[in-house]
Amino acid sequence: MNAITTSVFDLFSIGPGPSSSHTIGPMRAAYDFLTRVRELPPSELTRAGKLTVQLFGSLSATGDGHGTDKAVLAGLLGYLPESVPQELLDDLLEHPKDTHPLPVEDCRVMLGPQTVIFDNLEHDFPFNNTLVLTLLAGSTPLLTMEYYSTGGGFVQWKGWQEPDLGQPPHPYETMAQLKAQLQAKDLRLHQLILENEKALHGRSEREIYDQLDLIARSMENAVRRGCDTEGKLPGCIGLSRKAPTLVRRAKESEHSADRFLMLLDAYAMAAAEENAAGHVVVTAPTSGSSGVIPSILYALHNHMGSDRQTIREAFLTAAAVGFLVKHNASIAGAEVGCQGEIGTASAMAAAMLAYAKGYRFQVAENAAEIALEHHLGLTCDPVGGYVQIPCIERNAMGAVKAYNAYLMATLGDPTTQIIDLDKAIWTMNQTGRDMHCKYKETSLGGLALNNPKC
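Residues numbered from 1 in each chain as written. Predicted model: local features only at pLDDT ≥ 70, side-chain atom pairs only at ≥ 80, totals over all residues. Heavy atoms only, no water.

- An unreviewed UniProt entry annotates the protein chain as L-serine dehydratase of Desulfovibrio ferrophilus.
- Recorded in UniProt under Cofactor (unreviewed entry), the annotation for the protein chain is "[4Fe-4S] cluster".
- The record held by UniProt for the protein chain lists under Pathway (unreviewed entry) the comment "Carbohydrate biosynthesis; gluconeogenesis." (UniProt positions renumbered as here; feature names shortened; annotations may be inferred.)

## Digging into the domain arrangement of the protein chain
Here is step 1 of the chain: Looking at the assigned domains, one finds that the protein chain contains domain 1 (21-151) and domain 2 (175-439).
Here is step 2 of the chain: Between the C-alpha centres of domain 1 and domain 2 the distance comes to 31 Å.
Here is step 3 of the chain: On the domain 2 side, the residues contacting the 11 residues of domain 1 number 14 residues.
Here is step 4 of the chain: When domain 1 packs against domain 2, close to 1,100 Å² is buried across both sides, 57% of that on carbon and sulfur atoms.
Here is step 5 of the chain: At the boundary of domain 1 and domain 2, one finds zero salt bridges.
Here is step 6 of the chain: On inspection of domain 1 and its partner domain 2, the count reaches three residue pairs in polar contact (both at pLDDT 80 or more).
Here is step 7 of the chain: Secondary-structure elements contributing two or more residues to the side of domain 1 that touches domain 2 are helix H4 (58-66) and strand E7 (140-151).
Here is step 8 of the chain: The leading source of residues in the side of domain 1 that touches domain 2 is H4, at four residues.
Here is step 9 of the chain: Looking at side-chain class alone, the side of domain 1 that touches domain 2 contains two nonpolar, nine polar and no charged residues. (Domains from an automatic or database assignment. Contact = heavy atoms within 4.5 Å. Buried area = accessible area lost by both parts, 1.4 Å probe. Salt bridge = Lys/Arg side-chain N within 4 Å of Asp/Glu carboxyl O. Polar contact = N/O pair within 3.5 Å; in protein donor to acceptor, adjacent residues only side chain to side chain. Helix = DSSP H or I, 4+ residues; strand = E, 2+ residues; numbered from the N terminus. Nonpolar A, V, L, I, M, F, W, Y, C, P; charged D, E, K, R; others polar.)

## Some points on helix H2 (residues 20-37)
In an α-helix, one turn spans 3.6 residues, which is why side chains three or four residues apart end up on the same side.
Here is step 1 of the chain: The end-to-end C-alpha distance of H2 is 24 Å, a good match for the 26 Å that 18 residues give at a rise of 1.5 Å each.
Here is step 2 of the chain: For H2, a buried count of 14 out of 18 residues is recorded, marking the element as mostly surrounded by other parts of the structure. (Expected span 1.5 Å × (residues − 1). Buried < 20%, exposed > 50% of the residue type's maximum accessible area, 1.4 Å probe, protein only.)

## Comments concerning helix H17 (residues 391-409)
Here is step 1 of the chain: Its 19 residues place the ends of H17 26 Å apart at the C-alpha level, agreeing with the 27 Å of an ideal helix rising 1.5 Å per residue.
Here is step 2 of the chain: In this fold, the buried residues of H17 make contact with helix H11 (256-276), helix H12 (292-302), helix H15 (342-356) and helix H16 (361-373).

As C-alpha cells, this is what we get:
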C-alpha cells in the first residue's frame, strides 16, 4: 500500500499570498537551490557570474500577476514563506534597476529582474508548474535543478522520491480504507489522524495541538484584517475590497438568515482579499482557496460556540479529506482546475463543520462528497493572472456550499448516500486531466479571455 504520509502542517502552512503554487512553492524551491549552491566548492563559486530562473507552464503564463518573480528572488535571498518579511515582498522588483547579491560566500552573482525568465507555457516536464534554476560560469552550467510546484506549496524536483517515513500505525490511501481502519480499531477520525501525525512526524500531541491553535489564530487574524481593510487590491484590475461592506450590511440586515449568510461570505472574502494583497494567510489547502475554511472556522468559533478542542479535532478531520484529494487527484489549479482548490477546500470545510457539530465520520464524509461533487468541472481562469476575479468570490461560494453540504449530509440515513468521497475524488481527477490547459491557471480562457482588464 502506498499509504498517505503527508503532515497536517504541510497541508496547513502559513505564508504569503496570493498563490501557494506560484509563491510559496517557488520560494521553497529557490531556497533549496540556494542551499545547494552554498555546498559547491569555492573554486566553482568564484567562477559563477549569473543565475537564471526559467518559469514554465502556468508559472510563466500568470507568474507576473501572482508575484512568482518576487517569491523566487526572496527564496534566493534566503527567506522561507513562514518568515519572509511582508515589506521585503512589497519592495522587491519595484525598482527595475535594483539588484541584490546572492548571499553565498565567494560568489559575486547579482539578482534582479533579469534573473527570472517567463518561459514556455507548453512543455514536456512532468508537472505543469515547473522551474529550472541554473548557476552559470559564462555559458557553462555549474548547477542546474528542475523543480515542480505541485500545489498547496508542495515542491518536488527531478529525481525526487517520497521520503521514507515508515508505515503509519493506521495506513490508508482511500476513504474506503480509512473507514475500514476506523471500524476495525474503534477509533474516531481525529484520533486516527492524530496518531498517524505523531508516529510519522515525531510530534507530541501537545505540539500538534499547539500548532493547530497557531493555524487557527492565523486564519482568524486574516479574516479580521480583511474585514477591517478598505481600498483597492494591487494590480491593474483595480478591484475594490468588499468584505468590510458585507460586514456592515450584515449588521444592518433585519433577517437573521440573510445576516449569517452575508457574514459567511464576508469572512471568506476577507481572508481571500488578504491573500490577493499578498499578505500572510494559511494554505487550506492552497492560498487561492485560503478563505473557505477560515470562514467556517470563524463562524464555528464566533457564532456556533465551538470550543478550542472541538476545533482542533475538526481541523484533523478537514486534513483527512485534503490528504485524500492530494494523494488521489490534485489540489493544484494548474493540474485540475479550480475544482482542485476551491472544490477541495469546500469539501474539507464541510467535513470540518459536520465533525465540529458532533456528527461521526460517515456524515463528515457525505458532507465532503456533496461539496466536492458540486464543484466538479470548475475551471481556473484568473483575470489578468491575478488571484482576484473570480477567485475571491469563489471562496465565498465555496464556504456557502460547504455549509449547505453539511446541512444536506445531516438529512436522513447517512448510510444511504449513493456517491462516496472516493468516487467524487476519482471523477474530479479525471475531469481535471481532460480539461484543456487554457482553463487551468493560464489566463488564456474563460473569464480571463472574455474580460481582459490588463
